Amino acid sequence: MKLRDTPTRYGLISRLLHWGIAALLAWQLAGMIVKIVVGRAPITAFWVGSHVSIGSLLLVLILMRAIWALRERKQRPPYESGPSGLFAKVGHLALYALVLVVPSLALMRLIGGERPISVFGIHLRAARERPVEWITAPADLLHGALAWTLFVLILGHIAMAVLHRYWWQDDTLARMAGKSKD
Ligand code: HEM
Ligand code: HEM
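Residues numbered from 1 in each chain as written. Chains lettered and ligands numbered in written order. Predicted model: local features only at pLDDT ≥ 70, side-chain atom pairs only at ≥ 80, totals over all residues. Heavy atoms only, no water.

Rule in force here: UniProt positions are given in the numbering used here, feature names are shortened, and annotations may be inferred rather than shown by experiment.
Per an unreviewed UniProt entry, the chain goes by Cytochrome b and derives from Altericroceibacterium spongiae. Recorded under Sequence similarities (unreviewed entry), the UniProt text for the chain is reproduced unchanged: "Belongs to the cytochrome b561 family." Under the UniProt heading Subcellular location (unreviewed entry), the note attached to the chain is "Cell membrane".

### Description of the site of ligand 1
For clarity, the cut-off: Definition of nearness: a residue and a molecule or strand are near each other if at least one heavy atom of the residue lies within 4 Å of the molecule or strand. As used in this structure description, the phrase polar contact means that two N or O atoms lie within 3.5 Å; if the pair is within protein, one of them must be able to donate a hydrogen and the other to accept it, and residues adjacent in sequence are counted only when both atoms belong to side chains. Cavities and pockets are defined on a 1 Å grid built over the protein atoms alone: a cavity is a set of grid points where a 1.4 Å probe fits but cannot escape, while a pocket is an open set with protein on both sides within 12 Å along at least five of seven lines, and lining residues are those with an atom within 4 Å of any such point. A molecule is said to be in a cavity or pocket once over half of its atoms fall within 2 Å of that pocket's grid points. Put simply, DSSP H or I for four residues or longer makes a helix, DSSP E for two residues or longer makes a strand, and each gets a number counted from the N terminus. Side-chain classes are defined by residue name, with Ala, Val, Leu, Ile, Met, Phe, Trp, Tyr, Cys and Pro counting as nonpolar, Asp, Glu, Lys and Arg as charged, and the others, Gly among them, as polar.
Around ligand 1 sit 19 residues in total, of which His 51, Ala 106, Arg 109, His 143 and Trp 148 are the nearest. Contact between ligand 1 and Arg 109: an oxygen atom at 2.9 Å from a side-chain N or O atom of the residue. One of the side-chain nitrogen or oxygen atoms of His 143 is found 2.8 Å away from a nitrogen atom of ligand 1. In this structure, ligand 1 is accommodated by the second largest pocket. Within the residue set of the shell around ligand 1, elements represented by two or more residues are α1 (12–38), α3 (51–72), α4 (83–112) and α5 (133–166). Here the element with the most residues in the shell around ligand 1 is α4; it accounts for six residues. Along the lines of polarity and charge, the residues of the shell around ligand 1 split into twelve nonpolar, six polar and one charged.

### Looking at the coordination of the iron atom of ligand 1
Worth spelling out the cut-off: Donor selection uses N, O and S atoms within 2.8 Å of the metal (3.2 Å for Na, K and Ca). Since no water is included, sites may look incomplete. Under this scheme a four-donor centre is tetrahedral when all angles range from 85 to 135 degrees, a four-donor centre is square planar and a six-donor centre octahedral when opposite donors are above 155 degrees with the rest from 65 to 115, and any other centre is irregular. Exposure classes here rest on a 1.4 Å probe applied to the protein chains alone. A residue is buried below 20% of its type maximum, exposed above 50%, and partly exposed in between.
Within the protein, His 51 (NE2) and His 143 (NE2) serve as the donor atoms for the iron atom of ligand 1, at 2.0 Å. Of note is the iron atom of ligand 1, whose six donor atoms meet at the metal with angles of 85 to 179 degrees in an arrangement that counts as octahedral. Separated by 92 residues along the polypeptide, His 51 in helix α3 and His 143 in helix α5 bring together distant segments of the chain. Taking relative accessible area as the criterion, His 143 reaches 15% and is therefore assigned buried.

Now the structure itself:
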């Protein structure tokens, strides 16, 4: 498979980023669902214990993906003209926006907060006396709400992929998941 995109399908780099980010987002959201459903338990501690590190990794991957999408924009599968293409474009842009804003706000809160900071076990900063509230407040207000909004949007996105495959029976899913013809 070619590394770069073509007008008929996504290449290896776009697919690795798309499916890698999808898997890590599923991990993040499932961890929080386990926390709500199971409550305090070893599995929750393990799962939620990875939330900051995986969320930080996600932000790096999403920035790489946005740069890659800009680079490939002229040669990847184009949106249809008309309302359905516009709907898909707005949906994808909303996914990008949320997936950038959700971890960014949380990282701001981490930096502005008083707790010590460690990412993937690497200690980055000791605890400090008091939080800087204007840096932590946006995430207190929005991190959870926007993350659940992202979850709903992802469910809609998956439903559209399934409809394309089984209702309209076109090659939309194959562009991101199927075997490459070239
Ligand atoms: C795209 C990446 C991320 C997703 C999808 C995500 C998702 C979520 C969700 C669904 C919740 C539960 C909210 C609730 O209890 O209703 C949550 C909570 C939390 N997340 Fe994230 N998160 C991400 C990145 C991060 C990052 C990078 C950090 C830290 C730097 C972080 C720190 C927290 C904290 C401290 C909470 C508990 C407090 C709160 O609800 O705001 N998250 N996250
Ligand atoms: C089971 C899960 C998923 C399925 C079946 C799926 C399916 C697809 C398909 C078929 C396309 C190509 C659409 C087209 O060419 O018009 C696509 C593109 C896209 N998907 Fe997903 N997707 C999934 C998860 C996700 C998640 C979790 C995100 C969240 C960020 C996401 C964000 C995007 C974006 C932004 C695009 C546009 C292409 C790009 O810029 O990478 N997808 N997806």
